[in-house]
Amino acid sequence: MHYGIDVGGTKTEIAIYDRQWVCLDRWREPTPSDDGAALLAMLSEMVREADRRQGGRGSLGLGFPGVVDDRGYLIAANLPGLRSFVLEAALATSLDRPFVIENDSRCFVVSETGPGGAAEGVVHAFGAILGTGAGGGAMVAGRLLAGSGRFAGEWGHLPLPAAAARRYDLPLLRCGCGLEACLETYIAGPGLVRLHRHFGGESATAEAWHQAWLADERAAQQAHRCHLELLGGALANVVKLLSPSVIIVGGGLSTLDELMEALPASIAEQLFPGVEVPAVVRSRLGDASGVRGAAMLGAEASRRVHV
Ligand SMILES: [Zn+2]
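How each quantity is defined
- For every chain, the first residue of the written sequence is number 1, and numbering continues from 1 onward in sequence order.
- Where totals are concerned, whole chains, interfaces and linings use all residues; where local detail is concerned, this predicted model gives features only for residues with pLDDT of at least 70, and gives and counts side-chain atom pairs only at 80 or more.
- Hydrogens and water molecules were not included; the side-chain quantities draw on all heavy atoms of the structure.
- Strands are runs of DSSP state E lasting at least two residues, helices are runs of H or I lasting at least four, and both sets are numbered from the N terminus onward.
- In this description, contact between two residues means that some pair of their heavy atoms is separated by no more than 4.5 Å.
- Per the annotation, domain bounds derive from an automatic or database assignment of domains.
- A 1.4 Å probe defines the accessible area here, and the buried area is the portion of it lost by two parts on being joined, summed over both.
- For Phe, Tyr and Trp, rings pair up if their centres lie within 6.5 Å, where Trp contributes its six-membered ring, and each pair is then called stacked (planes under 30 degrees apart), edge-to-face (over 60) or tilted (otherwise).
- Burial status follows relative accessibility: with a 1.4 Å probe on protein chains alone, a residue under 20% of its type maximum counts as buried, one over 50% as exposed, and anything between as partly exposed.
- Working rule: Lys NZ or Arg CZ, within 6 Å of ring centre, within 35 degrees of ring normal, means a charge sits over the ring.
- In plain words, nonpolar cores are sets of buried Ala, Val, Leu, Ile, Met, Phe, Trp, Tyr and Cys residues tied together by side-chain atoms within 4.5 Å.
- At least two DSSP bridges between two strands are needed for those strands to be called paired.
- The term salt bridge refers to a pairing of a side-chain nitrogen on Lys or Arg with a carboxyl oxygen on Asp or Glu at a separation within 4 Å.
- To obtain each axis, a line is fitted to C-alpha atoms, and for helices this fit is confined to the stretch in contact; angles are then taken between N-to-C directions over 0 to 180 degrees.
- Here roughly perpendicular refers to angles of 65 to 115 degrees, roughly parallel to angles under 35, roughly antiparallel to angles over 145, and oblique to all remaining angles.
- Take the far helix as your reference; a near helix turned counterclockwise from it by less than a right angle gives a left-handed crossing, and one turned clockwise gives a right-handed crossing.

### Focus: the environment of aspartate 34
Summarising the element assignment, aspartate 34 is placed in the loop between β3 (23–30) and α1 (36–54). Here the alpha-carbon distance between aspartate 34 and asparagine 78, two residues 44 residues apart in the chain, equals 8.6 Å. Setting aside its immediate chain neighbours within four residues, aspartate 34 contacts Pro80 and Gly81.

Laid out in structure tokens, this is it:
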């Protein structure tokens, strides 16, 4: 058995899989996000409860929304309670077995290139999650790209291109990561809403922008054009660096058919002429992808330990 845990800012989910990656059981608990000790105790209890329900011990992988810095601390705006813990060491004392910990977006690309995923068996792939943020991860030659600092794939924190900023007269906003004018601030769900308001619209959610777009509202159309250019340019940069054959898009914005259909042309316009444009596909496993990818990484690590 393989356990995956996805620690979110508000909910934490555990899922139990068999060897064929059929989900046997899953449940959620509220995340005590501002109390690290309580969160560590809860994770430990979830694993014990999984053992009790299955009558055995499963391998374990955990996905977190953030990156671990070079001193071992988790940088995650949604989990302030863990700021004072050296995460892996703290987990090692609270959990009773080996585990793998990885950024949730990188768990996503592992899952979507695994059995039953949208890019099953693809060895050069990039996973882009467009929800409240813009996370990502890359598979290169069939391996998850971590990099020496373990944050490879953070495409959302590449900067807004100067040409687009000037053309659309965009404000340079401070990002949650501390940098200025990160693309995430403009291309994730809240970014699309910001663009709509920048062009004179009044939406408060991406869904409201979509309704205005369907109604042919001028500001919504302008926001869509600007968003598509920024998103296509950001993914074109990913293609220049990593040359994936498939880009898998997940998160709330991936449900917009118009966006998914228009993206390949926008990426192509911002690449060299004649360069192969990767296929752009929607996540097949949706919200379950992160927790499944975490379980897959945990399973792979336990195989390495046991051979
Ligand atoms: Zn940033």
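### Re the domain arrangement of the protein chain
Domain annotation for the protein chain reports domain 1 (2–103) and domain 2 (118–283). For domain 1 and domain 2, the distance between their C-alpha centres works out to 28 Å. Interface of domain 1 and domain 2: buried area, both sides summed, is about 450 Å²; carbon and sulfur atoms make up 39% of it. For domain 1, the biggest contributors to the area lost against domain 2 are Val67, Val68 and Glu102; these three give 64% of the whole.

### Re the packing of aromatic side chains
This model, assessed by the stated rule, comprises 4 aromatic pairs. Judged by centre distance (5.5 Å) and plane angle (55°), the rings of tyrosine 17 and tryptophan 21 are tilted. In this pair, the class of tyrosine 17 matches that of tryptophan 21, namely buried. Plain terms: the ring middles of phenylalanine 126 and tryptophan 155 are 6.2 Å apart, the flat faces sit at 85° to each other, and that makes the pair edge-to-face. Placement of the pair is phenylalanine 126 in strand β8 (residues 125–130) and tryptophan 155 in the loop between β10 (143–144) and α4 (162–167), with a sequence separation of 29 residues. Looking at phenylalanine 126, the relative accessible area reads 1%, which means it is buried. In this structure, arginine 53 is placed above the aromatic ring of tryptophan 27, and the distance from its NZ or CZ to the ring centre is 3.8 Å.

### Description of the nonpolar core
Grouped together as the largest cluster of nonpolar side chains are 43 residues, with contacts concentrated most on Trp155, Ile187, Leu230 and Ile267. The leading source of residues in this core is helix α8 (residues 218–242), at 12 residues. Those residues in contact with isoleucine 187 that lie beyond four places of it in its chain are Leu130, Ala134, Trp155, His227, Leu230, Leu231, Ala234 and Leu253. In terms of nonpolar packing, the next biggest core, distinct from the first, is built from 27 residues, Leu40, Met42, Val47 and Leu62 among them.

### A closer look at the sheet that holds strand β12 (residues 279–282)
Reading across the sheet, the 5 strands line up as β10-β9-β8-β11-β12 and stay open at both edges, with mixed pairing between neighbours. Edge positions in the sheet fall to β10 and β12, since each has one partner strand and no second. Bridge count for β8 against strand β9 (residues 134–140) is 6 bridges, and the pairing is antiparallel. Note on β9: the bridge partner recorded for glycine 127 is glycine 137.

### What about the pattern of salt bridges?
Summed over all chains, the structure comprises 15 salt bridges. Salt-bridge contacts for aspartate 96 lead to arginine 97; the nearest nitrogen and oxygen are separated by 3.0 Å. Judged by relative accessible area, arginine 97 falls into the buried class, the value being 8%. With a closest N to O distance of 2.7 Å, aspartate 257 and arginine 282 form a salt bridge. Here aspartate 257, found in helix α9 (residues 257–269), pairs with arginine 282, found in strand β12; they are 25 residues apart in sequence, far enough to count as distant. What makes aspartate 257 partly exposed here is its relative accessible area of 41%. Judged by relative accessible area, arginine 282 falls into the partly exposed class, the value being 36%. One connected set of salt bridges, linked through shared partners, spans Asp25, Glu45, Arg48, Glu49, Arg52 and Arg53.

### Observations concerning the sheet that holds strand β4 (residues 59–64)
If you walk across this open sheet you meet the 5 strands as β3-β2-β1-β4-β7, and the pairing is mixed. Edge strands, defined here as strands with exactly one partner in the open sheet, are β3 and β7 (100–103). When the angles between neighbouring strand axes are averaged without regard to direction, this sheet yields 15°. Relative to strand β2 (residues 11–17), strand β1 (residues 2–7) runs antiparallel, the two being bridged by 6 bridges. Directly across from glycine 4, in β2, lies its bridge partner alanine 15. Of the strands in this sheet, β1, β2, β3 and β4 touch α1, which is tilted by about 155° from β3.

### Comments concerning the environment of isoleucine 75
Within the secondary structure, isoleucine 75 sits in strand β6 (residues 74–75). Take isoleucine 75: its relative accessible area is 42%, and that puts it in the partly exposed class. Between the C-alpha atom of isoleucine 75 and that of leucine 39, which follows or precedes it by 36 residues, the distance is 16 Å. For isoleucine 75, the contacting residues outside a window of four places in its chain are Pro65, Gly66, Val67, Asp69 and Arg83.

### Digging into the packing of α1 against helix α2 (residues 87–94)
It is at 9 Å that the axes of α1 and α2 come closest, and there the two elements cross at 50°. Classified by the interaxial angle, the pair formed by α1 and α2 is oblique. For the pair α1 and α2, the crossing hand works out as right-handed. Facing α1, whose interface residues are Leu40, Leu43 and Ser44, α2 presents Ala90, Leu91 and Ser94.

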